[in-house]
Amino acid sequence: MEVCGGMRPWEEAVVEVTKAAQKKDTDAVLWAVQVYSNLKAAGESLPSLELAEVLVSYICWDNNVPILWKFLEKAILLNFVPPIFLLSLLSLRIIPCRRSQPAAYRLYLELLKRHAFQLKSLINAPNYPKIMKSIDDVLHLSQIFGTSQSEPGVLVVEFVFSIIWQLLDASLDDEGLLELTPEKKSRWGTLYQEMEWHENYSNNKTEFHEQLKNANTLAAVEIIGKFLQDKVSSRILYLARRNLSAHWFSFVQRLQVLATNSSALRNSGTLSPEALLQLASDKHMVLTRGCKTSSQKKFHAVMGFEYLSSSASLCPGASHSALWIPFDLVLEDAMDGYQVSTTSGVEIISGLVRTLRAINGTSWHDTFLGLWLAALRLVQREREPIEGPMPRLDTRLCMLLSIIPIVVADLIEEEERTPVDEPDTGPTDLWKEERVPGKCRNGLVSSLQVLSNYHSLLTPPQSIVAYANQAAAKAMLFVSGITPGSAYFDCLGMKEMPIDCSGNMHHLIVEACIARNLLDTSAYSWPGYVNGRINQLPQCMQAQVPGWASFMKGAPLTSVMANALVSSPASSLAELEKIFEVATRGSEDEKIFAASILCGASLIRGWNIQEHTVQFIIRLLSPSKPAENTEGYNHLINYARLINVVIVGIAPFDCVQIFSLHGLVPHLACSLMPICEVFGSCVPNVSWKLTSGEEISAHAVFSNAFILLLRLWRFDRPPLEHAFGDHQACIASTLSGLVHGTPFHQIVEGLLGMMTKKINRGNQNSITISGSSSSSGPGNDDAPLRPKLPAWDILEAIPFVVDAALTACAHGRLSPRELAIGLKDLADFLPASLASIVSYFSAEVTRGVWKPVFMNGTDWPSPAANLQSVEEAIKKIVAATGVHVPSLAPGGSSPATLPLPLAAFVSLTITYKLDRAAERFLNLAGPALESLAASCPWPCMPIVGSLWTQKAKRWTDFLIFSASRTVFLHNSDAVVQLLKSCFTATLGKNSYPLSSNGGVGALLGHGYKSHLYGGICPVAPGILYLRVYRSVRDVVFLTEEILSILMQSVREIVSSGLPREQLEKLKASKGGTKYGQVSLAASMTRVKLAASLAASLVWLSGGLVLVQLLMKETLPSWFISVHRSQKEEKSDGMVAMLGGYALAYFAVLCGALAWGVDSSSSASKRRPHILGIHMEFLASALDGKISLGCDSATWRAYVCGFVSLMIGCTPIWVLEVDVDVLKRLSNGLRQLYEEELALALLGCGGVGTMSIAAELIIDTEI
């Protein structure tokens, strides 16, 4: 092509000089001198973009001769032209014409090998931005890769990526392999077609042409390998892989086609197909190759997971505790009967699994094993339960055998529904496992196989031994080739089995997984799973036993059948669906039977279908409105019997907690509210007869529904101090609103008349309300009046009635015994009134206007009979914490007193019988009484506990434990001491081993186990804290205290685990871990364990609010403050360094627990703002804008540790940080000589930091 027209004078002069030199075969140096003279005369600066365009246009293709290529290379060497820009121009002209111009293509490849890797000179060029802008104009990089960023460094990445991709497509095309790619064409074809000329490829092929073409293909493939292998270019390509992931996925797909089918690659002497794929794999494509700086080496030694695994054999159980202690704490916390969570346990545990797996960098095998072991420990802590109104074993079994399998199923489904070859559109986790099909499921299988070795955790509680035995028998029959129907298991007993087939928790877990298709029946053949085989089916009389099998075959739902099905859980969804159909379409009696069955064993022990059972129950509470429904008549009235049976059936503590764990509390509440509305508005003129013969009214249905609804809302919590004024105003407004002579006033009078009918018989005193009096009057001695009023009207009047009664008692017009009887009559009339009574008493205790009364045994019940024994028991329970228990009777002679409202309430509650009928009301009153007593001054709760232990001796352990909680609620110092005890128990007194002294076992112990050594024993501090922290009113101080205890723990660990001489050796050793490895490993494990415990406690204590406070205020304040101690100075900085790493792990884990490691949770939406504030603090401190008071080694370790954990475990967090902040952090890290870490941070920052990351890679060549 002739160069003409539109050229500047100096360009024409260069062309003429080049033509003359070409004709004369002039030496390249002489040509360069002449060109330089023309450039200098024209004032053209070097390197010149225009000169590159002139030379390339002149050569392609009219002057494609060898001497001009010499001139071209001389221009590169003398810096006349920018090499990268020249290569961009050549790639656009030569690659499309490589078949007709094989010699030119070969020369281009040679120039590429020599100059494409010289990127440092490029970024140091004075016109570097202009060069990259020109390259973008030539290759359309921004358009092709879809990036809006025009920063030079971004274009460098795109240029390198485009060059290697063009070579790849050319090589595939040369070997006829493009057809095998998904797109079946070159990615760069459109760009080539925009040129005004096209390749004119002659069919006259010479042997030399073919040989050169084949050699070119081989050379191009080897250059691809060199780009992937070179230290700088491979890291540049890593940035492309991370930030241009969809394009990288397409590139790798093509690379796989080349590796699989290329003959040129197979003939290469320097690069094999396997090596090529390895170079482009996720494992090879990393930004940093090692821990170059000393602080990073120390960080990986302290917090690195390879060190934990190596130390596991030295400290059995220690590394396990360090990794998975949040599992145990969260599972045990979910068992708290004082908390009804609205969030599904599946959601909570699934998020926790993802978080801990990311933070700990563990395999699915280790993660699932840690989860199973934590759940088994949860069940074992209830092997010897104490009695009382609290969740017990069934809630724990729900967690182990229903919630955990659902969590595992969701995680496996999540992995398997994402194709392995799907492009990863988000940032990659540097520590995660390589994504392999079925890896999650395989991890489950291997974890369950290993689980059989933990014999001490697998012994089933006595109440479920039969279920475990049946699971083992089922497996034994299967491996023996015998497959009986389900009817057989309805009647099979272990005595009929010819050999021992006793089962354990392992059998139940495996059955739960098989039922959810997580395992197949090959699990029955695992070594040791069954004890042997049998030759024939044991005999049992199945025809005579009613059960699910006979019901499914059409047996009628008689009372005998119903009793059998109530006590035996359904084993399949089909069985549940059939019983639900009967509950909605059967006869009236059949509906009642079916409802009772759904609320029976299928709810409590039907672990494999439990999530369906709770859904069916909620549907029963929300029956559909019939088409022929009468106007003004609510259809729920017709379902009164059914609704009442269901509500009573799900009232026990364990049932409510099961609904909570399955995340259905909001749904249950929504079903109960219209029931309360309808039946609370009914006048109780109609009653319904149950199958037991008992009659119920609208009041009974309403009361049962209303009390259950309030238990879900936990309305009885005492108001906090800052809410006192509003609460007091509300009560005052209510009581002052009573107007004499109104219908409402008459309701109050009527209720008082009913309440005091028996009391006032023969008694001239009366109860007055604001000047009026209420008495039974003459002529009505046969029975108290029972006003026929809607329940809502009665509830509205209750505060006035109780206030009048309490006032009368305070002034001596009503005896304490008469008050208790009257309140009980009121509660018997409308059981839901118990809620209003509780609310009123709570308000009055909060007001504090009532004088205390003496619990002397004459007027009020006396606790004296066992108060001293209760005091001793409380001291034993909290003995492990070192907390002082105040004497219950100061001076030994002062009588016990309670505030009048509390005394009245406890007197009311002890009038109830401890039977099933009263249980659902005590389940409301019990926690309310405890909360009310706990909010009163010490020793109110122990006095209440003493009174109740006289009433219910079998609840003694529960009541005393409840009383012991108040020791901590009235004294913040005691809470701090309890926290310290948690750390002391977890870390153990000795440096190692933790399995025998410390860890999860010491933290949580054996639950409430009270029968050791014949009586009450100390309760593990972790259990105490989990049952206390929700009642701590000022949770903000907990964060600061936990942080302080963590740092103190680090000092103690170092001083106890690393003698000074070992510290000296560690400091002197090059590797950092050669000396004192056992002690160092144990100490480092304990540091991580302490940080894990601290993070878990902060998150549990205050959730998102406390974690945000930690990041925004607590940690920055701690670093700004001055911290000095003699111990730190003596340890030569080891305490300071370990403390910084501990804080880093603590902070990141806190954030991960609260926000998650990804963006799937709603809480993650708050993360960018809070994290941004904390990162701004780090950047400002590194900039020198903030003065720090902490040790410099602590600060350095914290920054390096925090950033390292973010990069390795939570890379999505980095993307959410402002780009400018990331750049400042990177600069600060470089000032600390942490170049690798600075680069890794920028590499995770997305396209926004890709430019500076690329330039850092090139400039430092690290």
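Note that the coordinates shown come from a computational prediction; the quantities given were computed from them, not determined experimentally.

*Asks:* Help me understand the overall build of the protein in this model?
*Replies:* Counting its regular elements, the protein contains 61 helices and 6 strands. Counting across all 1262 residues of the protein, residues that qualify as buried make up 58%. Within the structure as shown, the protein displays about 50200 Å² of accessible surface, and the carbon and sulfur contribution to it stands at 51%.

*Asks:* Would you mind going over helix H39 (residues 743-755) with me for this structure?
*Replies:* Structural remark: α-helix, 3.6 residues per turn; residues separated by three or four positions point the same way. With 13 residues, H39 should reach 18 Å at 1.5 Å per residue; the first-to-last C-alpha distance of 18 Å fits that figure. Counting buried positions along H39 yields 10 of 13 residues, so the element is predominantly enclosed. Burial in H39 covers these residues: Phe744, His745, Ile747, Val748, Glu749, Leu751, Leu752, Gly753, Met754 and Met755.

*Asks:* In this structure, what is going on with unusual backbone geometry? I would like to understand it.
*Replies:* For residues besides glycine, phi is generally negative; the peptide bonds are generally trans as well. Cis geometry is found at the peptide bond from Leu46 to Pro47, where omega equals -5°. Along the chain, Cys60 connects to Trp61 via a cis peptide bond; the corresponding omega equals 0°. Looking at where Trp61 falls in the secondary structure, it is placed in the loop between helix H3 (49-59) and helix H4 (66-77). For His140, which is not glycine, the phi dihedral falls at a positive 55°. Examined against the element boundaries, His140 turns out to sit in the loop between helix H8 (128-139) and helix H9 (141-145). Backbone geometry places Tyr1233, a non-glycine residue, at a positive phi of 65°. Take Tyr1233: it is sitting in the loop between helix H59 (1219-1231) and helix H60 (1235-1243).

*Asks:* Quick question: what am I supposed to make of the environment of Ala1254 here?
*Replies:* Assignment of secondary structure puts Ala1254 in helix H61 (residues 1247-1260). With 1102 residues separating them in the primary sequence, Ala1254 and Pro152 have C-alpha atoms 9.4 Å apart. Excluding its chain neighbours within four sequence positions, the residues that come into contact with Ala1254 are Gly153, Val157, Ile236 and Leu239.

*Asks:* How should I be thinking about the packing of aromatic side chains in this particular structure?
*Replies:* Working definition: an aromatic ring pair is given by the centre-to-centre distance plus the angle between the planes. Summed over the entire model, instances satisfying the criterion amount to 37 aromatic pairs. Between the aromatic rings of Phe478 and Tyr524, the centroid separation amounts to 5.2 Å while the plane-to-plane angle is 65°, which identifies the pairing as edge-to-face. Of the two residues, Phe478 sits in helix H25 (residues 465-479) while Tyr524 sits in the loop between helix H27 (505-515) and helix H28 (548-552), which places them 46 residues apart along the sequence. For the ring pair Trp526 and Tyr529, a centre distance of 6.5 Å and an interplane angle of 80° mean the geometry is edge-to-face.

*Asks:* Explanation requested: the packing of helix H44 (residues 900-909) against helix H46 (residues 940-951) in the structure shown.
*Replies:* When two helices pack together, their arrangement is captured by the angle between the axes and the distance separating the axes. Orientation of H44 relative to H46, taken along the N-to-C sense of each, is 20°, at an axis distance of 10 Å. Regarding the angle of H44 to H46, the classification is roughly parallel. For the crossing formed where H44 meets H46, the hand is right-handed. Listed contacts from H46 to Leu902, Val906 and Thr909 of H44 are Cys940, Val944, Leu947 and Trp948. Class assignment of the residues belonging to the contact of H44 with H46 gives a composition of 6 nonpolar, 1 polar and no charged.

*Asks:* Explain the side chain of Arg711 here, please?
*Replies:* Along the polypeptide, Arg711 turns up in helix H37 (residues 698-713). Note on Arg711: relative accessible area 7%, which makes it buried. Once residues within four sequence positions are removed from consideration, Arg711 is found in contact with Val340, Ala651, Pro652, Phe653, Val656, Asn923 and Leu924.

*Asks:* Just checking my understanding: could you explain the nonpolar core for this structure?
*Replies:* Counting residues in hydrophobic clusters, the biggest one holds 435 residues, and the most contacted among them are Tyr108, Leu228, Trp372, Leu557, Phe679, Phe1146 and Phe1202. At 20 residues, helix H53 (residues 1077-1120) tops the list of elements feeding residues into this core. Ranked by size, the runner-up nonpolar core spans 6 residues in total, among them Met476, Ile482, Cys501 and Ile534.

*Asks:* What's the story with the pattern of salt bridges in this structure? I'm lost.
*Replies:* Where charged atoms from two side chains of opposite charge approach closely, those side chains can pair. Following the criterion strictly, the structure yields 37 salt bridges and no others. Among the charged side chains, a salt-bridge network with shared partners connects Glu332, Arg381, Glu382, Arg396 and Arg1027.

*Asks:* Would you take a moment to explain the UniProt feature "transmembrane region" (unreviewed entry) in the protein for this structure?
*Replies:* Here, the residues flagged by UniProt with the feature "transmembrane region" (unreviewed entry) are residues 1089-1111, 1134-1157, 1195-1217 and 1237-1258. End C-alpha to end C-alpha, residues 1089-1111 measures 21 Å, and it is 100% helix and 0% strand. Segment residues 1134-1157 splits into 92% helix and 0% strand. End C-alpha atoms: 30 Å apart.

*Asks:* Honestly, the packing of H4 against helix H6 (residues 102-115) in this entry has me stumped. Any pointers?
*Replies:* Their axes nearest at 12 Å, the elements H4 and H6 cross at an angle of 15°. Relative to H6, H4 is oriented roughly parallel. Of the two possible hands of crossing, H4 and H6 adopt the one that is right-handed. Counted together, Trp69, Leu72, Glu73, Ile76 and Leu77 of H4 and Ala104, Leu107, Tyr108, Leu111, Arg114 and His115 of H6 form the full contact between these two elements. Residue classes in the contact of H4 with H6 are distributed as 8 nonpolar, 1 polar and 2 charged.

*Asks:* Even after reading the chapter, I still don't get a nonpolar patch on the surface, so can you show me in this structure?
*Replies:* Judged by side-chain polarity, Val29, Leu30 and Val33 come together as a nonpolar surface patch covering roughly 250 Å² of accessible area. Assignment of secondary structure puts Leu30 in helix H2 (residues 28-42).

*Asks:* Looking at this structure, I do not really get the side chain of Ser233. What am I missing?
*Replies:* Residue position: Ser233 is located in helix H13 (residues 231-243). For Ser233, a relative accessible area of 2% puts it in the buried group. Excluding residues that lie within four positions of it along the chain, Ser233 makes contacts with Phe117, Lys226 and Phe227.

*Asks:* What exactly am I supposed to notice about helix H14 (residues 245-261) here?
*Replies:* Compared with an ideal rise of 1.5 Å per residue, which puts 17 residues at 24 Å, H14 spans 24 Å between its outermost C-alpha atoms and is within 8% of the ideal. Buried within H14 are the following residues: Ser245, His247, Trp248, Ser250, Phe251, Val252, Arg254, Leu255, Val257, Leu258 and Ala259. Those residues of H14 that are buried lie in contact with H9, helix H10 (152-174), helix H12 (207-229), H13, helix H15 (263-266) and helix H16 (273-279).

*Asks:* What is the right way to read the environment of Ala827 from this model?
*Replies:* Structurally, the position occupied by Ala827 is in helix H41 (residues 816-829). Accessibility expressed as a relative area gives 2% for Ala827, which makes it buried. Residues Ala827 and Leu908, spaced 81 residues apart in sequence, show a C-alpha to C-alpha distance of 9.3 Å. Once you skip the residues sitting within four places of it in the chain, Ala827 turns out to touch Ser833 and Tyr912.

*Asks:* Help me understand the environment of Leu177 in this model?
*Replies:* Within the secondary structure, Leu177 is located in the loop between H10 and helix H11 (189-193). The exposure class of Leu177 is buried, given its relative accessible area of 7%. When the C-alpha positions of Leu177 and Ser262 are compared, they lie 8.0 Å apart, and in sequence the two are 85 residues distant. Leaving out residues up to four positions away in the same chain, Leu177 has contacts with Leu172, Val257, Asn261 and Ser262.

*Asks:* Explanation requested: the confidence of the model for the protein in the structure shown.
*Replies:* Low-pLDDT portions of the prediction should not be read for the details of their coordinates. Taken as a whole, the protein shows an average pLDDT of 84; of its residues, 83% reach a score of 70 or greater. Here residues 291-296 is modelled with pLDDT under 50, and outside its nearest four sequence neighbours on either side it reaches 15 contacts, counting other chains as well. Across residues 724-734, where pLDDT falls below 50, the model places 9 contacts with residues more than four positions away in sequence or in other chains.

Criteria and cut-off values
- Residues numbered from 1 in each chain as written.
- Predicted model: local features only at pLDDT ≥ 70, side-chain atom pairs only at ≥ 80, totals over all residues.
- Heavy atoms only, no water.
- Helix = DSSP H or I, 4+ residues; strand = E, 2+ residues; numbered from the N terminus.
- Buried < 20%, exposed > 50% of the residue type's maximum accessible area, 1.4 Å probe, protein only.
- Areas by Shrake-Rupley, 256 points an atom, 1.4 Å probe, with all protein chains shown as cover.
- Expected span 1.5 Å × (residues − 1).
- Contact = heavy atoms within 4.5 Å.
- Phe/Tyr/Trp six-rings, centres within 6.5 Å; stacked < 30°, edge-to-face > 60°.
- Axes fitted to C-alpha atoms, helices over the stretch in contact; angles between N-to-C directions.
- Parallel < 35°, antiparallel > 145°, perpendicular 65-115°, else oblique.
- Left-handed = near helix turned anticlockwise from the far one by under 90°.
- Nonpolar A, V, L, I, M, F, W, Y, C, P; charged D, E, K, R; others polar.
- Core = buried A, V, L, I, M, F, W, Y, C linked by side-chain atoms within 4.5 Å.
- Salt bridge = Lys/Arg side-chain N within 4 Å of Asp/Glu carboxyl O.
- UniProt positions renumbered as here; feature names shortened; annotations may be inferred.
- Patch = residues over 30% accessible without salt bridge, like charges linked within 9 Å, V, L, I, M, F, W, Y side chains within 5 Å.
- pLDDT = per-residue confidence, 0-100.

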